[in-house]
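Architecture and fold: a report
In case you want the letters, here they are:
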Amino acid sequence: MTDPGPDHIDVDVDVDEGDAHGPADASRQGELTLNRVLDRCATLGPNLRAVIWVQGCPLRCRGCVAPETLPFTGGEVRTVAEVADWLTSLTDVEGVTLSGGEPFSQAQPLADLLDAVRERRPDFSAMAYSGFRHEALRRGTPGQRALLDRLDLLVDGPYVAARHEDLLWRGSSNQRVVVLTERYPHVTSLTDAGAGIEVSVGDDGQFSWAGVPAIPGFRTFVEEQLAAAGYVVDAQGAAAAHTQGEIRGTDERITEVQHRDDQCGPTAAGSPAPGPAGG
């Protein structure tokens, strides 16, 4: 899972020239722009973990399942201190997985976040996803190197739909699980098969799924099935006051599905991606 390979491979990935922000430019001192968070997850890293999906990614991988997390506009701004308080309060998780979006586009505040959490919980572990290769990140900005130095595990490389496989914590065979510390030495000996999909239902009627799908096109399939059952997909996550029900899903990311007014279903007001306090 950690074959170094080349630090550049030709894949169907574009850098969005329309975004002024590159991977180093989106960071704001003391602040994070988040798309979504999850209190507890067992499918995106070892054992039970919190998950943070950041907003914004400079890459445009063909077949990205979360186009709504790509723009550097949108999301919800939270202070590093606020997110650190939230993570520290989750006493039944052993660490956090950083996804997105592209975590290394907000590298310095994420590094500061891990420092703040570890002041209170020194054994708190950290894993991150990145569309950039490990070797490239090692040559990156000071903030990117700082975040890399604080991680125990990294899943690196862009998603390549043509190389989709059912693999542990990743979606395509070019991606690697890179072990960066001695925290999880057993990872290299684990069976290299997907960890599955995890579904949860919130008190407000919001449904979530997290994990890496075993098959390509999983999001499209789910959305088509929901549409056939009378649901309307809103991939941009726009909230509507008249919405009947809401479903959010992710395979590292997020989609929203809103129930039509003329269908039965739980009543819940639509809302933007929740912040740490709401999970």
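As shown above, the structure is provided for reference.
What comes next concerns the included structure. What you see is a predicted model; the values in this text were computed from it and never measured.

Focus: the overall build of the protein chain
Within the protein chain, the secondary structure is distributed over five helices and 16 strands. Counting across all 279 residues of the protein chain, residues that qualify as buried make up 51%. Put simply, the protein chain shows about 12,100 Å² of open surface, and 51% of that area lies on carbon and sulfur atoms.

A short note on the pattern of salt bridges
A complete count under the given rule lists nine salt bridges for this structure. Residue D39 pairs with R40 through a salt bridge whose shortest N-O separation is 3.7 Å. Close ionic contact of R118 with D152 constitutes a salt bridge, the shortest N to O distance being 3.6 Å. You can see R118 sitting in helix α2 (residues 107-120) and its partner D152 sitting in the loop between α4 (142-149) and β8 (153-156), a full 34 residues away along the chain. One continuous salt-bridge network, built from bridges that share partners, spans D39, R40 and D92.

With respect to the packing of aromatic side chains
Geometry of an aromatic ring pair is reported as the spacing of the ring centres plus the angle between the planes. For the coordinates displayed, the defined rule picks out zero aromatic pairs. A cation sits over an aromatic face here: R36 above W53, 4.4 Å from the ring centre.

Section: the sheet that holds strand β3 (residues 49-54)
Across the sheet, seven strands lie side by side as β5-β2-β3-β6-β7-β8-β11; this open sheet has mixed pairing. Either end of the sheet is taken by a strand with one partner, and the two such strands are β5 (76-79) and β11 (176-179). Adjacent strand axes in the sheet meet at a mean angle of 30° when their direction is disregarded. As paired strands, strand β7 (residues 125-129) and β8 are joined by three bridges and run parallel to one another. Bridge assignment links A128 to a residue of β8, and that residue is L154. Relative to the sheet, α2 contacts β2 (31-41), β3, β6 (95-99) and β7, its axis offset from that of β2 by approximately 50°.

As for the packing of α2 against α4
Put simply, α2 and α4 touch, their axes get as near as 7 Å, and they point 35° apart. Once α2 is placed against α4, the crossing between them reads as left-handed. From α2, A107, Q108, L110, A111 and L114 reach across to α4, where they touch P142, G143, Q144, A146 and L147. Across the contact of α2 with α4, the residue classes break down as seven nonpolar, three polar and no charged.

Digging into the environment of A116
Mapping A116 onto the fold places it in helix α2. Linking A116 and D85, residues 31 residues apart in sequence, is a C-alpha distance of 8.8 Å.

A closer look at helix α5 (residues 218-228)
The complete set of buried residues in α5 reads F218, R219, E223 and L226. Buried residues of α5 fall within an arc of 130° about the axis and therefore sit on the same side.

So, the side chain of R49
With respect to the helices and strands, the residue R49 is situated in strand β3. There is no salt bridge for the buried R49, and the closest opposite charge comes from E94, which lies 4.1 Å off by N-O distance. Only 2.9 Å separates the side chain of R49 from the side chain of T97, close enough to count as a polar contact.

Side note on the nonpolar core
Judged by nonpolar contacts, the single largest core of 32 residues is most densely connected at I52, L87, V96, F104, L113, L147 and L151. Take this core: its biggest share by element is six residues, from α2. Apart from the residues lying within four places of it in its own chain, the contact partners of I52 are L34, R36, V37, V83, W86, L87, V96, T97, L98, S99 and L113. L44, V51, V187 and V212 belong to the second largest nonpolar core, which has 16 residues in total.

What counts, and at which threshold
Residues numbered from 1 in each chain as written. Predicted model: local features only at pLDDT ≥ 70, side-chain atom pairs only at ≥ 80, totals over all residues. Heavy atoms only, no water. Helix = DSSP H or I, 4+ residues; strand = E, 2+ residues; numbered from the N terminus. Buried < 20%, exposed > 50% of the residue type's maximum accessible area, 1.4 Å probe, protein only. Areas by Shrake-Rupley, 256 points an atom, 1.4 Å probe, with all protein chains shown as cover. Salt bridge = Lys/Arg side-chain N within 4 Å of Asp/Glu carboxyl O. Phe/Tyr/Trp six-rings, centres within 6.5 Å; stacked < 30°, edge-to-face > 60°. Lys NZ or Arg CZ within 6 Å of the ring centre and 35° of its normal. Pairing = 2+ DSSP bridges. Axes fitted to C-alpha atoms, helices over the stretch in contact; angles between N-to-C directions. Contact = heavy atoms within 4.5 Å. Left-handed = near helix turned anticlockwise from the far one by under 90°. Nonpolar A, V, L, I, M, F, W, Y, C, P; charged D, E, K, R; others polar. Arc of directions from axis to C-beta. Lys, Arg positive; Asp, Glu negative; His and termini not counted. Polar contact = N/O pair within 3.5 Å; in protein donor to acceptor, adjacent residues only side chain to side chain. Core = buried A, V, L, I, M, F, W, Y, C linked by side-chain atoms within 4.5 Å.

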